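# Architecture and fold: a report
Each chain is listed here by its residues.
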Amino acid sequence: MSFMTGFHGPYEAFKQCKDVCVAAGPKRVFRNAAIVVSTTFTVVKVGKKIYKWYNYSYLRKQKQEACLLSKQRLQERLKEVEDSSSWDEIADLSSTDLIHKLQKKELKAVDVLRAFQYKALKADEELNCVVEPIWEAEAQALEEDLEGIKGPLHGVPVSLKDTYGVTGYDGTVGLASRINQPFLEDAVVVKVLKKAGAIPFVKTPSPPAMYSFETSSALYGRTCNPHDTSRIPGGSSGGEAALLASHGSIIGFGSDLGGSIRIPSAMCGTYGLKPTIGRISKKGMSPLCRTNQMVASSIGPMARDVEGLVSVMRALLVPYMYELDPNSVPILFQNEVYESKRPLRIGYYTYDGFVQAVPAMVRGVLMAKAALEKQGHTLVPWNPIDTPYAYNKLWVAMLFGDHGVGLMKELEGDKQDPCMAMLYFILKTSERIRRPLCRFIGLFSPGVARLLSAGLDYETVYDWFQGCRKLETYREDVAASWKQNKLDAIICPGFTMTAVPPGLTVFQQLSYTAVYNALNFPAGSMPVTKVTAEDEDKLEKEYPTEPFYHKITKDGSRGSTGLPVNVQCVALPFQDEMSLRVMKELDTALKMTN
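Keep in mind it's a predicted model, so treat the numbers as computed, not measured. (Residues numbered from 1 in each chain as written. Predicted model: local features only at pLDDT ≥ 70, side-chain atom pairs only at ≥ 80, totals over all residues. Heavy atoms only, no water.)

## Structural notes on a nonpolar patch on the surface
- Together, Ile433, Leu437, Phe440, Leu443 and Phe444 make up an exposed nonpolar region whose accessible area comes to about 580 Å².
- For Leu437, the location among the structural elements is in helix α17 (residues 431–441).
- The partly exposed category is assigned to Leu437, whose relative accessible area is 36%. (Patch = residues over 30% accessible without salt bridge, like charges linked within 9 Å, V, L, I, M, F, W, Y side chains within 5 Å. Areas by Shrake-Rupley, 256 points an atom, 1.4 Å probe, with all protein chains shown as cover. Salt bridge = Lys/Arg side-chain N within 4 Å of Asp/Glu carboxyl O. Helix = DSSP H or I, 4+ residues; strand = E, 2+ residues; numbered from the N terminus. Buried < 20%, exposed > 50% of the residue type's maximum accessible area, 1.4 Å probe, protein only.)

Here it is as structure tokens:
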């Protein structure tokens with residue numbers, strides 16, 4: 001029988017509890033108290049997790065319905081427009097032609113906006129590449145038409161990755177925890193774009209916290225590749241690239257921590273630039289863009305052609321940006337670098353010493369080499385300096401220098417998308433288990449061991465300081481190699497592989513892009529060719545299957561005939577215009593041969 005039986009009030013209850021405790025003895029009392037406290041703590045903790053799970057589920061559903069309703073409302077509004085016959089024609093214009101027609105007032109800003117709204121919603125139906133429309137765009141377009149030419153991007157619609165601050169809109173980046181936290185003001189980039197006359201009109205999706213190069217989340221679902229909907233568009237700026245490639249946008253903006261602008265550009269056959277950190281302000285962006293300063297995220301433009309990148313960089317690198325954010329580097333667009341006719345000495349490589357690029361990517365670099373040589377430039381072989389060390393011991397180690405604690409706080413309690421499952425599992429596993437497991441697995445599979453050891457490199461602040469010194473030394477060594485070889489720029493594979501189906505991505509495949517994040521070198525990505533049957537034949541006969549990431553890459557690259565192939569054009573820090581110049585000259589040379 002319970003000792004509480006027959007209680008008639010608080011006094012009697014207290015007296016009976018006291019008598020029981022005295023009879024039981026102090027040791028038993030403390031033990032029972034500890035059990036009660038521990039059980040209560042566990043119940044509260046589990047209760048909080050259950051509440052968070054259901055709350056996040058509710059918020060996700062609420063956000064999904066709101067975004068869907070917003071897109072449906074815009075579709076209905078566009079149906080009311082009488083003259084829509086020219087929308088396809090407008091959306092197919094090059095950035096140069098579109099800007100020219102808007103500047104000359106041959107096109108109205110509101111008509112151009114509606115054309116791209118229509119195309120964006122149409123692309124979204126097939127690809128799931130739009131989060132929500134920005135409703136203030138129409139009022140801004142009408143104002144542009146009334147007031148006349150306001151700036152170099154007058155009336156140009158611009159799409160934005162969800163991480164960009166727009167007043168009144170969330171920047172969820174695929175996370176339930178970021179729902180209903182709208183930005184209180186525009187990001188500096190958005191303010192400068194608007195002053196230049198550009199019109200932000202839609203926001204595009206990214207994977208959770210932007211930590212995957214598959215653009216998929218439990219919040220917004222999976223984005224598809226416009227060239228093959230069974231494949232991924234890359235990430236984390238995959239929504240932008242998919243929208244651009246399907247002509248639902250002409251200029252967009254993404255972010256790049258390990259290739260998140262360049263990988264989607266490569267998989268979708270579009271143009272993108274990862275600028276030197278500091279050239280473009282990050283003030284007003286999602287806090288998730290504010291990573292540690294040693295391997296920081298870079299934000300930059302994406303477009304359908306290289307002229308689009310150049311136009312938007314010219315419009316952004318102006319004194320107004322530095323007025324709004326004194327922490328941005330006050331270097332205006334260096335027109336003398338971009339327009340110089342001086343023959344260049346350009347290095348090239350097709351293998352980074354770590355992961356083999358697929359045959360189509362190798363051929364793309366060799367095509368670019370031949371095209372640039374015809375333009376009068378000197379191309380010389382260049383060997384990257386110890387990419388495995390730079391990638392594993394510098395970029396990956398520093399990316400997870402906090403042992404993944406910050407990322408796990410963002411992901412905790414949320415529904416995990418398959419694209420994040422492996423990383424979540426690794427970071428969730430206790431370090432006491434992972435350390436010995438890594439040592440054991442490392443005996444027969446160093447690549448898998450390195451994957452499992454993400455975030456375990458730095459145990460103390462002293463270790464972090466040592467890592468910072470090593471990264472600075474590596475940057476100096478690479479710069480010295482460029483100087484010794486008298487290089488102005490280099491070209492290399494746009495990525496390890498072309499677009500692959502979901503689930504066939506691993507961290508090691510990032511080596512061709514992430515190394516330039518560690519170095520903080522500006523790097524552009526642009527299409528040069530498409531995968532051929534001969535490329536696939538070489539893939540089967542010559543591409544390795546060991547280590548494990550080669551097998552995953554090979555499996556994912558089968559059946560890729562016709563998919564785009566990009567190359568990267570890389571320059572030294574703060575020579576972003578040199579990267580753009582190489583892209584422009586290569587683009588011109590390729591068009592002359594086609």
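## Brief notes about helix α21 (residues 533–542)
- Restricting attention to buried positions, one finds in α21 the residues Asp535, Glu536 and Leu539. Taken end-on, α21 shows its buried residues confined to a sector of 100°, consistent with a single buried face. In α21, the exposed positions angled more than 90 degrees off the buried face are occupied by Ala533, Glu534, Lys541 and Glu542.
- Against α13 (359–374), β12 (523–530) and α22 (548–557) lie the buried residues of α21. (Arc of directions from axis to C-beta. Contact = heavy atoms within 4.5 Å.)

## Overview of the packing of aromatic side chains
- Throughout the structure, instances matching the rule amount to 16 aromatic pairs.
- On the numbers, 6.1 Å between centres and 65° between planes, the contact of Phe333 with Tyr338 is edge-to-face.
- Judged by relative accessible area, Phe333 falls into the buried class, the value being 13%.
- With relative accessibility at 13%, the residue Tyr338 sits in the buried group.
- The interplanar angle of 70° and the centroid separation of 5.4 Å between the aromatic rings of Phe548 and Tyr549 together place this pair among those described as edge-to-face.
- The structure contains a cluster of three or more aromatic residues connected by ring pairs, namely Tyr349, Trp382, Trp482, Tyr516 and Phe521. (Phe/Tyr/Trp six-rings, centres within 6.5 Å; stacked < 30°, edge-to-face > 60°.)

## Quick notes on unusual backbone geometry
- The omega torsion across Gly235 and Ser236 is 10°, close enough to zero to call that bond cis.
- Following the sequence through the fold, Ser236 ends up in the loop between β5 (221–222) and α8 (238–245).
- One non-glycine residue, Asn180, lies in positive phi territory at about 65°.
- Checked against the element boundaries, Asn180 lands in the loop between β2 (157–161) and α7 (188–195).
- A positive phi is found at His403, a non-glycine position, where the angle reads about 65°.

## Some points on the packing of helix α14 (residues 387–399) against helix α20 (residues 511–519)
- Where α14 contacts α20, the two axes come as close as 10 Å, and the packing angle between them is 60°. Read as a crossing pair, α14 and α20 show a hand that is left-handed. Only Ser511, Ala514, Val515, Asn517 and Ala518 of α20 make contact with α14, whose side of the interface consists of Thr387, Ala390, Tyr391 and Trp395.
- Split into classes, the residues belonging to the contact of α14 with α20 amount to six nonpolar, three polar and no charged. (Axes fitted to C-alpha atoms, helices over the stretch in contact; angles between N-to-C directions. Left-handed = near helix turned anticlockwise from the far one by under 90°. Nonpolar A, V, L, I, M, F, W, Y, C, P; charged D, E, K, R; others polar.)

## Describing the pairing of strand β6 (residues 251–256)
- Along β6, six of the six residues are buried, which leaves the element largely enclosed by surrounding structure.
- Side chains of β6 alternate between two faces, with Ile251, Phe253 and Ser255 and Gly252, Gly254 and Asp256 buried alike.
- Bridge count for β2 against β6 is three bridges, and the pairing is parallel. Looking at the pairing, Ser159 lines up with Gly252 of β6.
- For β6 and strand β8 (residues 298–303), the ladder comprises six bridges, and the chain directions are antiparallel. Directly across from Ile251, in β8, lies its bridge partner Ala303. (Pairing = 2+ DSSP bridges.)

## Re the nonpolar core
- Core analysis: the biggest nonpolar cluster contains 171 residues, and Leu193, Phe253, Phe400, Ile491, Tyr516 and Leu586 have the highest contact counts within it.
- Element by element, the count of residues in this core is highest for helix α5 (residues 109–127), at ten residues.
- Once residues lying within four places of it in the same chain are set aside, the contact partners of Phe253 are Val158, Ser159, Leu160, Lys161, Tyr164, Val189, Leu193, Glu240, Gly300, Pro301, Val312 and Leu316.
- Judged by nonpolar contacts, the second largest core, of eight residues, contains Val131, Ala176, Ile179 and Tyr220. (Core = buried A, V, L, I, M, F, W, Y, C linked by side-chain atoms within 4.5 Å.)

## Points about the pairing of β2
- Burial analysis of β2 places five of its five residues in the buried class, which makes it a mostly covered element.
- Along β2, one buried face is formed by Pro157, Ser159 and Lys161 and the opposite face, lined by Val158 and Leu160, is buried too.
- Here five bridges tie β2 to strand β3 (residues 199–204), and the two strands are oriented parallel to one another. When the bridges of β3 are listed, Val158 appears paired with Pro200.

## What about the packing of α7 against helix α10 (residues 306–316)?
- Between α7 and α10, whose axes approach to 9 Å, the crossing angle comes to 100°. By the criterion of interaxial angle, the relationship of α7 to α10 is roughly perpendicular. Every residue of α10 that contacts α7 at Val189, Val192 and Leu193 is listed here: Val312, Ala315 and Leu316.
- Here the contact of α7 with α10 is built from residues that sort into six nonpolar, no polar and no charged. (Parallel < 35°, antiparallel > 145°, perpendicular 65-115°, else oblique.)

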